[in-house]
Amino acid sequence: MLCVVISAHAHELSSSQPGDKERVAVLPFQQMGLSNEETATLTKKFAEFLQSTGKFEVMPHDEMLRLIAEADFNLESCTYSYCLADVGKVLGVQKVMHGSITRRGKFYTLRLRLIDVQSAEIVFDRKPEYSGEFDRLAAEVLPGEAKAASEYSLESGTKWYVITAVIVVTVGAIYSLYKAFTKTSASEGTGEGPPTPQ
């Protein structure tokens, strides 16, 4: 019976169903050492690769920029997960992908984070490095990172909720059993019981 109750709570807390596409906004990548055109190319390519995984429904770029402008968000200073989650709420998405890229010569360092809008939790965080030509970065590195982002476990974002539910339900059940047991023991110790028929 206890296992059934725990399973029910865990199921209720895992709202995402297998096969559902999550609506995600890929924010313009921040950059250091790249041109605006190169950065825009990487952002667009990554969004396309993310869409092609079949896991996400990527928000159209122009629509995203329009809503951000209307809300007067300054994305350059919005790097914390709670701020990014607020951006996601304005955009009406479930996840926000925040990326940055730094180039020194032919050495590139990326930072990719996927933020759950509802909880502001970072559910995917990677910092890949690459040395080589820019075209190969866009054609070979980004597809792999998009695939990695698509494979993050839906349960990983809710895992601690499920664990908490299991602990709370289990402790509650044990406490109830303990109270019932001690009450029964106390009744037996005092000789209390059902009245003796006359």
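For the structure itself, consult the block above.
Residues numbered from 1 in each chain as written. Predicted model: local features only at pLDDT ≥ 70, side-chain atom pairs only at ≥ 80, totals over all residues. Heavy atoms only, no water.

S.K.: What is the right way to read the packing of helix 3 (residues 61–71) against helix 4 (residues 81–91) from this model?
M.R.: How two helices pack is summed up by the angle between their axes together with the distance between the axes. Packing of helix 3 against helix 4 brings their axes to within 10 Å, and their N-to-C directions diverge by 110°. With respect to helix 4, the element helix 3 is oriented roughly perpendicular. Residues Met-64, Leu-67, Ile-68 and Ala-71 of helix 3 pack against Val-87, Val-90 and Leu-91 of helix 4. Across the contact of helix 3 with helix 4, the residue classes tally to seven nonpolar, no polar and no charged. (Axes fitted to C-alpha atoms, helices over the stretch in contact; angles between N-to-C directions. Helix = DSSP H or I, 4+ residues; strand = E, 2+ residues; numbered from the N terminus. Parallel < 35°, antiparallel > 145°, perpendicular 65-115°, else oblique. Contact = heavy atoms within 4.5 Å. Nonpolar A, V, L, I, M, F, W, Y, C, P; charged D, E, K, R; others polar.)

S.K.: It is not clear to me how the packing of helix 2 (residues 36–52) against helix 5 (residues 134–150) should be interpreted in this structure. Could you clarify?
M.R.: The contact between helix 2 and helix 5 brings their axes to 9 Å, and the two run at 40°. One element, helix 2, and the other, helix 5, form an angle in the oblique class. Of the two elements, helix 2 crosses helix 5, and the hand of that crossing is right-handed. Between helix 2, through Glu-38, Leu-42, Lys-45, Phe-46, Phe-49 and Leu-50, and helix 5, the contact on the second element is made entirely by Phe-134, Leu-137, Ala-138, Leu-142, Pro-143, Glu-145, Ala-146 and Ala-149. The class makeup of the residues in the contact of helix 2 with helix 5 is eleven nonpolar, no polar and three charged. (Left-handed = near helix turned anticlockwise from the far one by under 90°.)

S.K.: Would you mind showing me how to read the packing of aromatic side chains here?
M.R.: By convention here, two paired aromatic rings are described through the distance between centres and the angle between planes. In the structure shown here, the tally under the stated rule is two aromatic pairs. Ring centres of Phe-29 and Phe-46 lie 5.8 Å apart, and the angle between their planes is 50°; on these two criteria the pair is classed as tilted. With Phe-29 in the loop between strand 1 (22–26) and strand 2 (30–32) and Phe-46 in helix 2, the pair connects residues that are 17 residues apart, well separated along the chain. Grouping residues by exposure puts Phe-29 and Phe-46 together as buried. (Phe/Tyr/Trp six-rings, centres within 6.5 Å; stacked < 30°, edge-to-face > 60°. Buried < 20%, exposed > 50% of the residue type's maximum accessible area, 1.4 Å probe, protein only.)

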